[in-house]
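So the chains spell out like this:
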Amino acid sequence: MPERHAKLSFSGMGVFILQKAKRTKRDKGLGQQRGKGGYMIKLKNISKSFEGRGEKTYAVRGVSLEIEQGEIFGIIGFSGAGKSTLIRIFNQLEEHDSGEIHILGKSINHASHSEIATIRKNVGMIFQHFNLLWSRTVQKNIELPLEIAGVPKKEREKRSAELVKLVGLEGREKAYPSELSGGQKQRVGIARALANKPEILLCDEATSALDPKTTEDILLLLAEINQQFGITIVMISHQMEVVRRICHRVAVMSEGKIVESGSACEVFENPKHDVTKQMVVSDDYGVTASVLKEYEQEKGVRYANIAV
Ligand SMILES: Nc1ncnc2c1ncn2[C@@H]1O[C@H](COP(=O)(O)OP(=O)(O)O)[C@@H](O)[C@H]1O
Ligand SMILES: [Mg+2]
């Protein structure tokens, strides 16, 4: 059975993701208020190590980067490169050892518990294996962050109904995760991540457990969420096509460092670092241009970064 699609109207159906037009058209006021350059996330020389058997291993080494409001920013790299550790620093699931970090215009080097709670509320996250609660229905999974935030029942129900609609799961509200397909589970994960109306959505290998067609559906949904709500998305993936299609800019990680970064087009068309070259060549995603074209025609959308 094909995945159901979010029933949202696509404004400007012919061109769905138009990087330049979208970036200039978007209201950047919020980001500009938050950081001088309109950034949502700014890291300066961030490092993070783990101790094990008396040894210190650096997962992240001196990373500096800025992610602008409203962009879809990709982080790619082979397994063990430090990608997950890096984005877990963005919402302080991991505490960095050194360096400066600003999220939503706020320094979180010495943030209090309540400041960290505010950051977590404004930074949603989705995962490769969905991390749903198996004993809760779709609706109750989506309501969980709202319950934690103390939102009254009526309001929770209203918000979860909106989110169910947004992610295309109408009719499945009472289903349990075990009754859902992988794509549907990720839709619940997305809805839950959006419950508190975050400004940033972190995606750690969010499509890596899904088949190519379902991956397409989820990417479409994420791109639509970015476009409709202006939510900044940070997307980790080892699947090149995923990043190539929806990310505006990309950073390549290797051994804890960012070894290359630039617009998605630049990085994929003219990879400079050996790791980037290897990743581009080792792409195993396997969707051909003709399949993509058919999909685009069917959905009336167009991906920005693919020439077909
Ligand atoms: N909690 C942890 N304890 C010890 N080592 C860790 C921990 N998390 C990650 N690492 C190590 O940090 C490095 C980077 O891991 P990770 O950030 O998960 O990379 P990626 O997401 O790119 O695969 C790896 O060597 C990994 O073993
Ligand atoms: Mg990882």
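See above for the structure.
These notes cover the structure that comes with them. One numbering rule holds for all chains: residues counted from 1, following each sequence as written. Note on labels: chains are lettered from A, ligands numbered from 1, in written order. Since the coordinates come from a predicted model, pLDDT governs what is reported: local features require at least 70, and pairs of side-chain atoms require 80 or more to be given and counted, while whole-chain, interface and lining totals use all residues.

## Considering the sheet that holds strand β5 (residues 106-107)
Okay, so step 1: Strand order in the open sheet formed by 4 strands is β2-β1-β4-β5, and the pairing between neighbours is antiparallel. Here the strands that pair on one side only, and so sit at the sheet edges, are β2 (55-68) and β5. DSSP bridges decide pairing: two strands pair if at least two such bridges lie between them. Starting at the N terminus, helices and strands are each numbered in turn, a helix being any DSSP run of H or I of at least four residues and a strand any DSSP run of E of at least two.

## Focus: helix α5 (residues 138-148)
Okay, so step 1: Note on burial: count the other C-beta atoms lying within 10 Å of the residue's C-beta; 20 or more is buried, 12 or fewer is exposed, in between is partly exposed, and C-beta positions come from the backbone. Where α5 is concerned, the buried positions are Val138, Gln139, Asn141, Ile142, Glu143, Pro145 and Leu146.
Okay, so step 2: Once C-beta atoms are placed from the backbone, any two residues with those atoms within 7 Å are in contact. For α5, the secondary structure elements touched by its buried residues are α6 (153-166) and α7 (182-194).
Okay, so step 3: Phi for glycine 150, located one or two positions after α5, is positive at around 75 degrees.

## Here we look at the site of ligand 1
Okay, so step 1: Near, for a residue, is defined by distance from a backbone-placed C-beta atom to a molecule or strand, with 6 Å as the limit that must not be exceeded. The full set of residues close to ligand 1 is Phe50, Gly52, Thr57, Ala59, Gly77, Ser79, Gly80, Ala81, Gly82, Lys83, Ser84 and Thr85.
Okay, so step 2: Per-element tally for the shell around ligand 1: the top contributor is helix α3 (residues 83-90), with 3 residues.
Okay, so step 3: When residues are sorted by character, Ala, Val, Leu, Ile, Met, Phe, Trp, Tyr, Cys and Pro go into the nonpolar class, Asp, Glu, Lys and Arg into the charged class, and all the rest, Gly among them, into the polar class. Taken together, the residues of the shell around ligand 1 sort by class into 3 nonpolar, 8 polar and 1 charged.

## Regarding the packing of α5 against α6
Okay, so step 1: Interaxial distance between α5 and α6 falls to 9 Å at its minimum, and their mutual angle equals 125 degrees. For the element pair α5 / α6, the angle class is oblique. The two elements α5 and α6 cross, and the hand of that crossing is right-handed. Of the residues in α6, those in contact with Val138, Gln139, Ile142, Glu143, Leu146 and Glu147 of α5 are Arg156, Arg159, Ser160, Leu163 and Val164.
Okay, so step 2: Class assignment for the residues of the contact of α5 with α6 results in 5 nonpolar, 2 polar and 4 charged. A fitted line through C-alpha atoms serves as each axis, taken over the contacting stretch for helices, and the angle formed by two N-to-C directions is quoted from 0 to 180°. With respect to orientation, any angle under 35 degrees is reported as roughly parallel, any angle over 145 as roughly antiparallel, any angle of 65 to 115 as roughly perpendicular, and every other angle as oblique. Left-handed is the label given to a crossing in which the near helix is rotated counterclockwise from the far helix by less than a right angle, and right-handed is the label when the rotation is clockwise.

## Overview of the sheet that holds strand β9 (residues 249-254)
Okay, so step 1: Strand order across the open sheet formed by 6 strands is β6-β7-β8-β3-β9-β10, with mixed pairing between neighbours. Since the sheet does not close on itself, it has two edges, and those belong to β6 (123-127) and β10 (257-263), each with one partner. Pairs of neighbouring strands in the sheet enclose a mean axial angle of 15 degrees, with direction left out of account.
Okay, so step 2: As paired elements, strand β3 (residues 72-76) and β9 share 4 bridges and run parallel to each other. In the sheet register, glycine 74 faces β9, and the bridge partner there is valine 250.

## Some details on the nonpolar core
Okay, so step 1: Only buried residues count toward a nonpolar core: Ala, Val, Leu, Ile, Met, Phe, Trp, Tyr and Cys, linked into one set through C-beta atoms within 7 Å. In this structure, Ala191, Leu202, Cys203, Leu222, Val234 and Met235 are the most contacted members of the largest nonpolar core, which totals 73 residues.
Okay, so step 2: A per-element tally of this core places helix α8 (residues 212-229) first, with 7 residues.

## A closer look at α7
Okay, so step 1: A helix is expected to reach a length of 1.5 Å times the quantity of its residues less one. Between its terminal C-alpha atoms α7 stretches 18 Å, which fits the 18 Å expected from 13 residues at 1.5 Å a residue.
Okay, so step 2: Looking only at α7, the buried set comprises Gly183, Gln184, Lys185, Gln186, Arg187, Val188, Gly189, Ile190, Ala191, Arg192, Ala193 and Leu194.
Okay, so step 3: Elements in contact with the buried residues of α7: β6, α5, α6, β7 (200-204) and α8.

## Side note on unusual backbone geometry
Okay, so step 1: Phi is positive for lysine 197, close to 50 degrees, though the residue is something other than glycine.
Okay, so step 2: For lysine 197, a count of 11 C-beta atoms within 10 Å corresponds to the exposed category.
Okay, so step 3: The backbone of glutamate 255 sits at a positive phi, close to 50 degrees, despite the residue not being glycine.
Okay, so step 4: Structurally, glutamate 255 can be placed in the loop between β9 and β10.
Okay, so step 5: Judged by the 15 C-beta atoms lying within 10 Å of it, glutamate 255 falls in the partly exposed class.

## Notes on the pairing of β2
Okay, so step 1: With 10 bridges joining them, strand β1 (residues 39-52) and β2 adopt antiparallel strand pairing. The partner of leucine 43 across the bridge, within β2, is leucine 65.
Okay, so step 2: Joining the antiparallel neighbours β1 and β2 is a turn of 2 residues, in which arginine 53 adopts a positive phi near 45 degrees.

## A word on the packing of α7 against α8
Okay, so step 1: Contact geometry for α7 and α8: axes closest at 10 Å, N-to-C directions at 20 degrees. By the angle between their directions, the pair α7 and α8 is classed as roughly parallel. Note on packing geometry: the crossing formed by α7 with α8 is right-handed. Between α7 and α8, the residues in contact are Gly182, Gly183, Gln186 and Ile190 and Thr214, Asp217, Ile218 and Leu221, respectively.

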